[in-house]
Structures are given as C-alpha cells and as structure tokens.
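Read off the chains here:
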Amino acid sequence: MQLLLDDDSDVPLPLDAPTREAWLVQCGRAEGAGSLERLKRRLAQCFALSLVECLDADLKPPTEAQLSYATDIARQLGLNLPAEAIRFRGEAMAFIRRHAPALRDLPRAPPPPRDDG
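Predicted model, so just to flag it, every value in this text is computed and none were measured. (Residues numbered from 1 in each chain as written. Predicted model: local features only at pLDDT ≥ 70, side-chain atom pairs only at ≥ 80, totals over all residues. Heavy atoms only, no water.)

### Side note on the overall build of the protein
Within the protein, the secondary structure is distributed over five helices and two strands. In the protein, the succession of α and β elements from N to C terminus is β-β-α-α-α-α-α. Summarising its shape, the C-alpha atoms of the protein cover approximately 75 × 45 × 20 Å along the three principal directions. Long-range contacts, defined as pairs at least 24 residues apart, comprise 42% of the intrachain contacts of the protein with a sequence gap of at least 6. Surface exposure of the protein reaches about 9,300 Å², of which carbon and sulfur atoms provide 56%. For the protein, the distance from the average position of its 15 positive side-chain charges to the average position of its 18 negative side-chain charges is 5 Å. (Helix = DSSP H or I, 4+ residues; strand = E, 2+ residues; numbered from the N terminus. Contact = heavy atoms within 4.5 Å. Areas by Shrake-Rupley, 256 points an atom, 1.4 Å probe, with all protein chains shown as cover. Lys, Arg positive; Asp, Glu negative; His and termini not counted. Charge placed at Lys NZ, Arg CZ, Asp CG, Glu CD.)

Rendered as structure tokens:
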C-alpha cells in the first residue's frame, strides 16, 4: 500500500498484516454501507494531521501564541507581517527575534491614577 502525496511523491506504508487486514475489512464495511467516500475523507484528515507532525519544527505552522505575539509586534511597530511568518513557525520566530527588541524599547504609557477615595 502506498500513499500518494503529489505527482512526484509516493510513500510506501509499512502496514503489518493485521492492520492491512483490518483496513480491508473497514473498506468492505464502508463500501457495503455506501460510505466509502466518507471513509476516504476521514482517512485523508488523519493523514494530514499526522503529516504535520512529521515536518521539521521550523516548517510547522506557528503556535497561536507565536502568531499572536508576531501580530502584536507588527501592529505596534507599524510593520507588515510577512506571509511566511504566518505559515511557518521558523519564520514567525525569526520575525519575533528580529523585532521584539524594538517593541520592548517603546516607551510605555504610565498606568492610570488610582482612585483611593
């Protein structure tokens, strides 16, 4: 069994005999129930999630925290956030490392006066 990723990349799937047998039974069930396409979509979603975990760390999507911080930096410094920084964790980290010092150097507004009365 092979996984076809694109026109140039196919990956052999090293399924053991019991897993292959279970897959064939699952396909037979889905086909008999008229839900083979639904099974294929579910399988595709599972592979897509697993593929992300196989990528090098810098090619994974940025975390929500990284994206939020990079967006704050860009907004407060009046910079454009590069598309690559939105797509790739390594580029998001490079943007943060490059521009976070300038954000830290911005003067901070004084806190509002306390009303003790």
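### Quick look at a nonpolar patch on the surface
Taken together, the side chains of Leu-5, Val-11 and Leu-51 make up a nonpolar region of the molecular surface, amounting to roughly 230 Å² of accessible area. Looking at the element boundaries, Leu-5 is found in the loop between β1 (2–4) and β2 (10–12). Relative accessible area serves as the criterion here: at 44%, Leu-5 is assigned to the partly exposed category. (Patch = residues over 30% accessible without salt bridge, like charges linked within 9 Å, V, L, I, M, F, W, Y side chains within 5 Å. Salt bridge = Lys/Arg side-chain N within 4 Å of Asp/Glu carboxyl O. Buried < 20%, exposed > 50% of the residue type's maximum accessible area, 1.4 Å probe, protein only.)

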